[in-house]
Amino acid sequence: MSDPNINEDFLKYIDGELARLWRLGMNAIIGWSSLRDGIAVLSVPQFLLPSILPNYENILVGSRKMSKSKLQAVSNICEIEPYTIKFPAFPRPKKTPWKALDGLIQRYSIIKTNDRAVILFDIVDFSRYTALEQVTALNNLSYSINIAQSRAKENGLDIVVSLSTTGDGFYIWNENKNLQPNLDLYCLMMLVLAGNALNAQKSSKTIVPDLRTCFHVGSCYEYYQVTGESLSANHFIVGDVTIDLARMIDRALPGQILIGNFHNFMENETQPLNTVQFMDRARKHFALFENITLSREKISTIKCYLTGEKTEDGEFNISRYVIRDKHEYQHVVFNAKVNIYRQRGIPVYLGRQSCDLENFKTINRAPLDQTPDKTGVIDFPLKRRSRNPLER
């Protein structure tokens, strides 16, 4: 086993070499491969990437480690030769920590993720707050997020939360990737909403914000921010999923919870989950949170469902809504509700019922079992909720 101190010194040396290639953020490391006594690193000016990689964006997906032949192929696309970093004679671990090395290199890269779940919390009427009320509201929301993450981990979810502020709210994502982490993030959203609502009921003097909430799964790019002469410790995301969420939140009503129209691919499976199937999977996770404590209260259970209209047989279908954003693009969304059942006290209901959406600006709203209309939307198979959904 390698000496941890030697490993640390070795990685510090490599970090210094990578920083020289990075040139204060001018370049991004696209890939690397192992050599006998070092590594070959492909460093490309960031301003060239949009013109070099429009048809090769999947090069940026996953690990930056590549085979020698793939690195050379990417190098040919970029028309830039890899740079060789030779390993030092000392400190030199007996076994090269390749995984740690790849993690280090990713900090100097841009990483694409095709199926990243992201939450957007937006504080209602934020601009009407005083400056001190604004920072208090953001801190209270951040506290709800921290408590939710702690409770999620205590109950077996493998979740590592990252967030970036929008000014009047937060984008939140799970650093872990793939379907299960996306399901875990959805459950975290329920815990945040529940904790924030319970705090609001008990607070008369502090600012506990009213929220608009959106959840979506899509592609994005992950990067570390340049601050001064070094990389910051925080990383950020930008891409289709954050753009879609921003457009969704623009149309969301105060207190509303919107879920995007997405397909989440799964490892080793060819058929992705659509939004309704994803929700069905996530609902099974809620059993993990029976008798959980939030805001010093025991929660019996949390239920979440997509809303719809009552049918002739007394059940409820699921409605999908088409909204148009300020750029005239259309987005398909679903309206969600959350019911929080306490061991003591009346339930807490979050979100809006279908009958409360008269001011929700849409260009089309219809049950999922209808055929595609002029918007070109292809419906998912109809999923019905059980009778008596316990809505207010």
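Numbering of residues starts from 1 in every chain and runs along the sequence as written. Where totals are concerned, whole chains, interfaces and linings use all residues; where local detail is concerned, this predicted model gives features only for residues with pLDDT of at least 70, and gives and counts side-chain atom pairs only at 80 or more. The basis for the side-chain values is all heavy atoms of the structure; hydrogens and waters are excluded.

**Examining the environment of Gln72**
Convention followed: Only runs of H or I of at least four residues qualify as helices and only runs of E of at least two qualify as strands under DSSP, and these elements are numbered from the N terminus. Remark: exposure states derive from per-residue accessible area (1.4 Å probe, protein chains only) relative to the maximum for the residue type, with buried under 20%, exposed over 50%, and partly exposed in between.
Considering the arrangement of structural elements, one finds Gln72 in helix H3 (residues 68-78). Assessed through its relative accessible area of 32%, Gln72 is described here as partly exposed. Sequence spacing of Gln72 and Pro82 is 10 residues, and the spatial spacing of their C-alpha atoms is 7.9 Å.

**Examining the nonpolar core**
Short version of the rule: Think of a nonpolar core as a cluster: buried Ala, Val, Leu, Ile, Met, Phe, Trp, Tyr and Cys residues, connected wherever their side-chain atoms sit within 4.5 Å. Only heavy atoms matter for contacts: two residues are in contact if any of them lie within 4.5 Å across the pair.
Of all hydrophobic cores here, the largest spans 57 residues; its most connected members are Phe121, Tyr186, Met189, Phe215 and Ile259. A total of 14 residues in this core trace back to one element, the largest contributor, which is helix H6 (residues 179-202). Setting aside anything within four residues of it in sequence, one finds Ile259 in contact with Tyr186, Met189, Phe215, Met248, Thr275, Leu306, Val333, Phe334 and Ala336. Counting residues in each nonpolar core, the second largest holds 20 residues, with Trp173, Ile237, Leu253 and Leu357 among its members.

**A short note on the pattern of salt bridges**
Basically, it comes down to this: Just to be clear on terms, a salt bridge is a Lys or Arg side-chain nitrogen sitting within 4 Å of an Asp or Glu carboxyl oxygen.
Scanning all chains against the criterion turns up 11 salt bridges. Glu57 is the salt-bridge partner of Lys112, the closest N and O atoms lying 3.3 Å from each other. One end of the pair, Lys112, is in strand S4 (residues 111-123); the other, Glu57, is in the loop between helix H2 (49-52) and H3, with 55 residues separating them in the sequence. Glu57 gets classed as partly exposed once you look at its relative accessible area, which sits at 31%. Put simply, Asp280 and Arg283 hold a salt bridge, and the shortest N to O gap is 2.8 Å.

**Here we look at the pairing of strand S6 (residues 169-174)**
Rules: Here, any two strands with at least 2 DSSP bridges between them count as paired.
Along S6, six of the six residues are buried, which leaves the element largely enclosed by surrounding structure. Here S6 shows two buried faces, one formed by Gly169, Tyr171 and Trp173 and the other by Phe170, Ile172 and Asn174. The pairing of S4 with S6 spans five bridges and is classified as antiparallel. Within S6, the residue paired with Ile119 across the bridge is Ile172. Inspection of the sheet shows strand S5 (residues 161-165) paired to S6 by five bridges, in the antiparallel sense. Paired with Ser164 across the strands is Tyr171, a residue of S6. Remark: three residues form the turn of the hairpin made by S5 and S6, two consecutive strands paired antiparallel; Gly167 in that turn has positive phi of roughly 105°.

**Side note on helix H5 (residues 131-154)**
Residue pairs three or four apart in sequence face the same way in an α-helix, which turns once every 3.6 residues. Note the cut-off: In this scheme, a helix's expected span is set at 1.5 Å multiplied by one less than its residue total.
Spanning 24 residues, H5 covers 35 Å between terminal C-alpha atoms, matching the ideal 34 Å at 1.5 Å per step. Along its buried surface, H5 packs onto S4, S5, S6, H6, strand S7 (211-227) and strand S12 (292-294). Looking one or two places after H5, you find Gly156, whose phi comes out positive at around 95°.

**Considering the confidence of the model for the protein**
Heads up, the condition is: One number per residue, pLDDT, summarises how confident the predictor is, and it ranges from 0 to 100.
Confidence in the prediction for the protein averages 87 pLDDT; 89% of positions are at 70 or higher. Summarising per-element confidence for the protein, the mean pLDDT is lowest in strand S8 (residues 230-238) (80) and highest in strand S9 (residues 257-260) (98). With pLDDT under 50 throughout, residues 371-392 is counted as low confidence; its partners more than four residues away or in other chains account for 61 contacts.

**Comments concerning the sheet that holds strand S3 (residues 83-86)**
Applicable threshold: Axis definition: a line fitted to C-alpha atoms, limited for helices to the stretch in contact. Angles are taken between N-to-C directions and run from 0 to 180 degrees.
The sheet built from three strands is open, its strands ordered S1-S2-S3 with antiparallel pairing. Because the sheet does not close on itself, it has two edges, and the strands there are strand S1 (27-34) and S3. Each adjacent strand pair in this sheet contributes to an overall mean axis angle of 30°, direction not counted. In terms of strand pairing, strand S2 (residues 38-45) meets S3 through four bridges, oriented antiparallel. Its bridge partner lying in S3, Gly38 is registered against Lys86. Against the sheet, helix H4 (residues 98-106) contacts S1 and S2, and its axis sits at roughly 165° relative to S1.

**Thoughts on the pairing of strand S15 (residues 330-342)**
Along any regular strand the residues' side chains alternate between the sheet's two faces. Of all 13 residues making up S15, 12 are buried, and the element is well covered by its neighbours. Note that S9 and S15 share four bridges and pair antiparallel. Bridge pairing links Ile259 to Phe334 in S15. One ladder, built from five bridges, connects strand S14 (residues 319-324) with S15; its direction is antiparallel. Residue pairing for S15: Val322 is matched across the bridge by Val332. In textbook terms, the turn of a hairpin is the stretch between consecutive antiparallel strands, and for S14 and S15 this stretch comprises five residues, one of which, Glu328, has a positive phi near 75°. For S15 and strand S16 (residues 348-351), the ladder comprises four bridges, and the chain directions are antiparallel. Paired with Asn339 across the two strands is Tyr349, which belongs to S16.

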